[in-house]
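# Analysis of the macromolecular model
Spelled out, the chains give:
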Amino acid sequence: MAPRPHWLFGDQLGPHFLDPGVPVVMVEARSAFARRRSHRAKAHLLLSAMRHRAAELGDRVRYVRAGTYREGLREAAGDARVTVSRPSSRAALRLVESMDRVEVLPDRGFLVSREEFAGWLEDRGGARLRLEDFYRWVRRSHDLLMDGGEPAGGRWNLDHDNREPPPRDRDDLGVPPPWRPHEDEIDEEVRRDLDRWEREGRVRFVGRDGPRLFPVTRREALSALRSFVAHRLPEFGRYEDAMLAGDPVMSHSLLSAPLNLGLLHPAECVERAERALRSGDAPLNSVEGFVRQIAGWREYVQQLYWHFGADYRQRNELRHHTRLPRWFLELDADAVRARCLSTVLAQVRDTGWTHHTPRLMVLGSHALQHGWDPAELTDWFHRCFVDGHDWVMAPNVVGMSQYADGGLMTTKPYTSAGAYIHRMSDLCDGCAYRPAERTGERACPYTTGYWSFVHRHRDLLAANHRTARAVRGLERLGNLPEVLALEEERGRRAP
Ligand SMILES: Cc1cc2nc3c(=O)[nH]c(=O)nc-3n(C[C@H](O)[C@H](O)[C@H](O)COP(=O)(O)OP(=O)(O)OC[C@H]3O[C@@H](n4cnc5c(N)ncnc54)[C@H](O)[C@@H]3O)c2cc1C
Ligand code: SF4
């Protein structure tokens, strides 16, 4: 009997998602782009990756361009029964489960399966979820960075070594530049299609269309991984949280996009990093930092997406209902005077990517301070980032960056006054504002925003031992009424 066709989704593009010899169907559904106004670079990346995969699979794949997934599957496979690896989002899972002829197989894209996670939860007997416990369990159970039963180098956590401010005497980190792709005729075709769809009014995008910056094939993804491990991993740890205006990538890996497209398996990324440690080519703090991101955070976030339930996306414990302002929705970096926010918003506009600290401590922190609606913000991050997928967005934005889950994911809200950005970046140099000033024309919007946030949520913050100090600071603040008046006056204007 001929094997049933296997339906590949656009984030299942690596070889580990396919058994040898099985025929394949792929559906490029325009509804996915028409539904929301994505960054054009993201639409380009997804389409280019799917079309490149189809070109590699040749006669083995039936590739259909259709209005919706349902229409496309009918056209590609008729009434035949098909298999699919468990999709990564609730919406896609609902769709495939609603079709009788689709058999859903286990997911293949992560280190930890849902069953293993459920077993881990059960063993904990209801203890509070903590990334650190999960991460150590993954390290042990996958024998990652372990020397027998002990963590390599004797320490599980080297975060303390990885929080350095950037070098003060340089505009960039001085590491070799990241791997970048060359576009080909498939990219040209994608660009032509996107232009046409926009002209015909079928889709609308945000962001600028520049040369493609991220891998779309397995071969490209492997080149990016190899290049990162060889040239940039050694410096990864030390400046992991730091920001430099002139060096947006620093020594980050830029691997989230190919990982989330399924072009790389997380196991091969962490194994290569460990090999670099064992061969003496990268130090422990960098390798541990990188392994923590992938085997810790990435795996944790994907488990929490399912564990927290379907209504997690709508959580809004802080009751933040302010709509996102137009300048932010339009990525209008030129309208912003605050150098940190303007620089980061321009990076999003031009590339659809920034590293972790700008996402959390510049974009997310500004939204939190101003009480922006967390669900709308989640949607914004999802649409505007090349690595934005539903499973990774909800915990990172609702939980980590907006504390909208009331502390299920983190033990405190992540936001800070301008002093943090000043310490961790060179962005305050040449800014129209001053990080330490909280009244007057040059008062830093992050500093006034911070105190206004602490004031608004003082009861909640006072009850949490990790934030109670902030409330005591507020009580000592001499000029709170002026700070709040300034915030009120600045209102929704771009800072
Ligand atoms: C508000 C907010 C939104 C975010 N949105 C996304 C998103 O849409 N997609 C996404 O992949 N990551 C997201 N992240 C996590 C993280 O910022 C990005 O994974 C990272 O910046 C991508 O750049 P990189 O590949 O150079 O990462 P590196 O700094 O090189 O880290 C290595 C890898 O670790 C993984 N990783 C690290 N932290 C996380 C995390 N918190 N969640 C999931 N994976 C993680 C990524 O796969 C990343 O490629 C978000 C974080 C915040 C605070
Ligand atoms: S002074 Fe304030 S607004 Fe300006 S860059 Fe620093 S933190 Fe940002």
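Calculation rules
Residues numbered from 1 in each chain as written. Chains lettered and ligands numbered in written order. Predicted model: local features only at pLDDT ≥ 70, side-chain atom pairs only at ≥ 80, totals over all residues. Helix = DSSP H or I, 4+ residues; strand = E, 2+ residues; numbered from the N terminus. Rg over C-alpha atoms; globule rule 2.2 N^0.38 Å. Buried ≥ 20, exposed ≤ 12 C-beta atoms within 10 Å, placed from the backbone. Contact = placed C-beta atoms within 7 Å. Near = placed C-beta within 6 Å. Nonpolar A, V, L, I, M, F, W, Y, C, P; charged D, E, K, R; others polar. Pairing = 2+ DSSP bridges. Axes fitted to C-alpha atoms, helices over the stretch in contact; angles between N-to-C directions. Domains from an automatic or database assignment. Core = buried A, V, L, I, M, F, W, Y, C linked by C-beta atoms within 7 Å. Expected span 1.5 Å × (residues − 1). Bend = angle between axes of the 7 residues up to and from the residue.

With that settled, consider the overall build of the protein chain. In terms of helices and strands, the protein chain carries 21 helices and seven strands. The C-alpha radius of gyration computed for the protein chain amounts to 23 Å, which stays within 12% of the reference 23 Å derived for 495 residues, consistent with globular compactness. On the principal axes, the C-alpha backbone points of the protein chain span a range of 80 × 60 × 45 Å. Within the protein chain, the fraction of its 495 residues that count as buried is 46%. Of the contacts made within the protein chain by residues no fewer than 6 positions apart, 73% connect residues no fewer than 24 positions apart.

In the vicinity of ligand 2 lie 15 residues, with C340, G418, C428, C431 and C444 positioned nearest. Listed by contribution, the elements that provide at least two residues to the shell around ligand 2 are α13 (339–351), α17 (418–424) and α18 (445–456). Among the elements that take part in the shell around ligand 2, α17 stands out by supplying three residues, more than any other. Residues of the shell around ligand 2, tallied by class, amount to 11 nonpolar, two polar and two charged.

Attention shifts here to the sheet that holds strand β1 (residues 6–8). With parallel pairing, five strands are arranged side by side in an open sheet as β3-β2-β1-β4-β5. Both outer strands of the open sheet, β3 (61–66) and β5 (102–105), are each paired with one neighbouring strand and no more. Along the sheet, successive strands turn relative to each other by an average axial angle of 30°, direction set aside. Helix α2 (residues 40–57) rests against β2 (24–29) and β3 of the sheet, and its axis sits at about 155° to β2.

Taken together, 27 residues are adjacent to ligand 1, and H252, S253, S256, Q293 and R298 come closest. Of all the secondary-structure elements, those providing two or more residues to the shell around ligand 1 are α9 (256–260), α11 (284–307), α14 (356–369) and α16 (390–401). Sorting elements by how many residues they give to the shell around ligand 1 places α16 first, with six residues. Split into classes, the residues belonging to the shell around ligand 1 amount to 13 nonpolar, 11 polar and three charged. When we break the shell around ligand 1 down by domain, the ones giving at least three residues each are domain 2 (114–179 + 215–307) and domain 3 (314–490).

Among the nonpolar cores identified, the biggest contains 121 residues, and L233, A273, V287 and V291 are the most heavily contacted of them. Not counting residues up to four positions away in its chain, the partners in contact with V287 are L145, L233, A273, E274, A276, L277 and A282.

Turning our attention to α14. Taking 1.5 Å of rise per residue, the 14 residues of α14 would be expected to cover 20 Å, and the 18 Å separating its terminal C-alpha atoms lies within 8% of that figure. By the largest-angle criterion, L363 marks the main kink of α14, which is about 25°. Counting buried positions along α14 gives 13 out of 14 residues, so the element sits mostly inside the fold. Just downstream of α14 lies G371, where phi reads positive at about 65°.

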